[in-house]
Structures are given as structure tokens and as C-alpha cells.
Amino acid sequence: MKKGISSNLKEIVVYLFVGGLTTVISWVSYALFEMLFSGVIANSVMLASVANVLSWIIAVAFAFITNKLWVFESKSFKAGVVLKEAGTFVASRVATGCLEWFGLPLVMLIGFDQALFGIEGMVAKVLISVIVVILNYVFSHFVQTLAVSLSSSLSSSESLTLRPVPAGISLPIITFSF
């Protein structure tokens, strides 16, 4: 069943609102970590990298909670459900996280290392953030569309489940049961 226009609009508005809040959390925590560690880490690219990874962790945790409650509207707080949702969510953010972790120092090294609001590397952080937000939206819709497409192609006696890869790797794989 296709969603109506108002349902699609609501999804986009909520996604943009939550994404905007997540971006603000990321930028503010990045600035705080930059200030906190500026006396300890002298190399500006290394300082930006450390602040960036720590801000990513905080932003992903915030994004998971807000997306769980408002975007996905998941109301279960049972440990097993939350762990499964968190694992899937974090796994989906790892690709763009890598772009953010390695892209920020690269963008700084190619010349976008200017300070913004007195924070070193903030121009690079903003540029990378724009790319990451767009890719997170595209990836989330690609995965959602793929899952819906696969599940709708199965007959009523078949099922589609997402299971984590064994040995602690948190990338989801698709398995079919007949």
C-alpha cells in the first residue's frame, strides 16, 4: 500500500526536524570537544579528528533516540528490541560516519581548515555535515525501499527478516525463510 501525500510530507518534515536537531547537537558537541582538548592536542587536524569522532558518537546516540520515538514511532523499550534497533541504526550510520571521520581531516588538508565562530575546522565540519545529512536520507530510503520491495515480492508463506552477521559484525544481512 502506498503512503498518501500528507503521510510522505509528515515523514519528510519530521526527518528534517530531527536531522536538523542532530546536526546542531553534532556541531555544538564538536565545538565543545575542540575547546576541551585544544590545550592537550596541538595538531589542528588531529584535534578536529578527535572532536569529530566524539561528536559523531553523541549525534548518533541522539539521532537513534529521536528517530526511534518520532520518525519510526517505535514505542518498545524492551532490551532485546532496543538493542536490535540500535544495532541496525548504528550499522546504517557507519558508512556516512566513515565519510565524516575521514572526510573532515581530508577536507581540512585540502584547504577548508578555516575557523567559524572561533572553532578551528568548523567550515570543513559544516561542509561534511551537509553531505552526510543528504546521504543518510538517501541511504535510509534506499534500504527502506529495498526491504519493502523484497517483502512485497514474497508470497504469504514466505518471510523476510534482517539478522546481524555472526561474530559481532553489525552489518545487517537479509535472510529468507520458507
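So, how was this worked out
- Residues numbered from 1 in each chain as written.
- Predicted model: local features only at pLDDT ≥ 70, side-chain atom pairs only at ≥ 80, totals over all residues.
- Heavy atoms only, no water.
- Helix = DSSP H or I, 4+ residues; strand = E, 2+ residues; numbered from the N terminus.
- Buried < 20%, exposed > 50% of the residue type's maximum accessible area, 1.4 Å probe, protein only.
- Areas by Shrake-Rupley, 256 points an atom, 1.4 Å probe, with all protein chains shown as cover.
- Contact = heavy atoms within 4.5 Å.
- Core = buried A, V, L, I, M, F, W, Y, C linked by side-chain atoms within 4.5 Å.
- Phe/Tyr/Trp six-rings, centres within 6.5 Å; stacked < 30°, edge-to-face > 60°.
- Patch = residues over 30% accessible without salt bridge, like charges linked within 9 Å, V, L, I, M, F, W, Y side chains within 5 Å.
- Salt bridge = Lys/Arg side-chain N within 4 Å of Asp/Glu carboxyl O.

Draft legend 1. Examining the overall build of the protein chain more closely. Broken down by element type, the protein chain carries 4 helices and 2 strands. When the elements of the protein chain are put in sequence order from the N terminus, they spell out α-α-α-α-β-β. Looking at the protein chain as a whole, 28% of its 178 residues qualify as buried. When the accessible surface of the protein chain is totalled, it reaches about 11000 Å², and 76% of it is carbon and sulfur.

Draft legend 2. Geometry of the side chain of Thr-23. Mapped onto the elements, Thr-23 comes out in helix α1 (residues 5–37). Assessed through its relative accessible area of 15%, Thr-23 is described here as buried. Once residues lying within four places of it in the same chain are set aside, the contact partners of Thr-23 are Ser-129 and Val-133.

Draft legend 3. Structural detail: the nonpolar core. If you look at the biggest cluster of nonpolar residues, it comprises 14 residues, and the most contacted ones within it are Tyr-30, Ala-48, Leu-104, Met-108, Ile-119 and Ala-124. Listing elements by their share of this core, those giving two or more residues are α1, α2 (44–71), α3 (79–109) and α4 (122–152). Among the elements that make up this core, the one with the highest residue count is α4 (4 residues). With sequence-adjacent residues up to four places away left out, Ile-119 is seen in contact with Tyr-30, Ala-31, Glu-34, Met-35 and Gln-114. Trp-56, Val-60, Ala-63 and Phe-64 belong to the second largest nonpolar core, which has 5 residues in total.

Draft legend 4. A look at the packing of aromatic side chains. Throughout the structure, instances matching the rule amount to 3 aromatic pairs. A ring pair is formed by Trp-56 and Trp-101, whose centres lie 4.8 Å apart and whose planes are at 80 degrees; its orientation type is edge-to-face. Here Trp-56 is found in helix α2, whereas its partner Trp-101 is found in helix α3, with 45 residues between them in sequence. For Trp-101, a relative accessible area of 23% gives the class partly exposed.

Draft legend 5. The arrangement of unusual backbone geometry in detail. Here Phe-117, not a glycine, exhibits a phi torsion of approximately 60 degrees, which is positive. Take Phe-117: its relative accessible area is 76%, and that puts it in the exposed class.

Draft legend 6. Representation of a nonpolar patch on the surface. A cluster of nonpolar side chains, namely Val-24, Val-28, Leu-32 and Met-35, defines an oily patch on the protein surface of about 370 Å² accessible area. Following the sequence through the fold, Met-35 ends up in helix α1.

Draft legend 7. Expanded view of the pattern of salt bridges. Applying the stated rule across the entire model yields 3 salt bridges. Between Lys-10 and Glu-73 there is a salt bridge, with its nearest N and O atoms 3.0 Å apart. Of this pair, Lys-10 sits in helix α1 while Glu-73 is found in the loop between α2 and α3, placing the two residues 63 residues apart along the sequence. By relative accessible area, which is 46% here, Lys-10 ends up partly exposed. When the shortest N-O distance is used, the salt bridge between Glu-85 and Lys-68 registers 2.6 Å. Residue Glu-85 is located in helix α3, and its partner Lys-68 is located in helix α2; the two are separated by 17 residues in the primary sequence.

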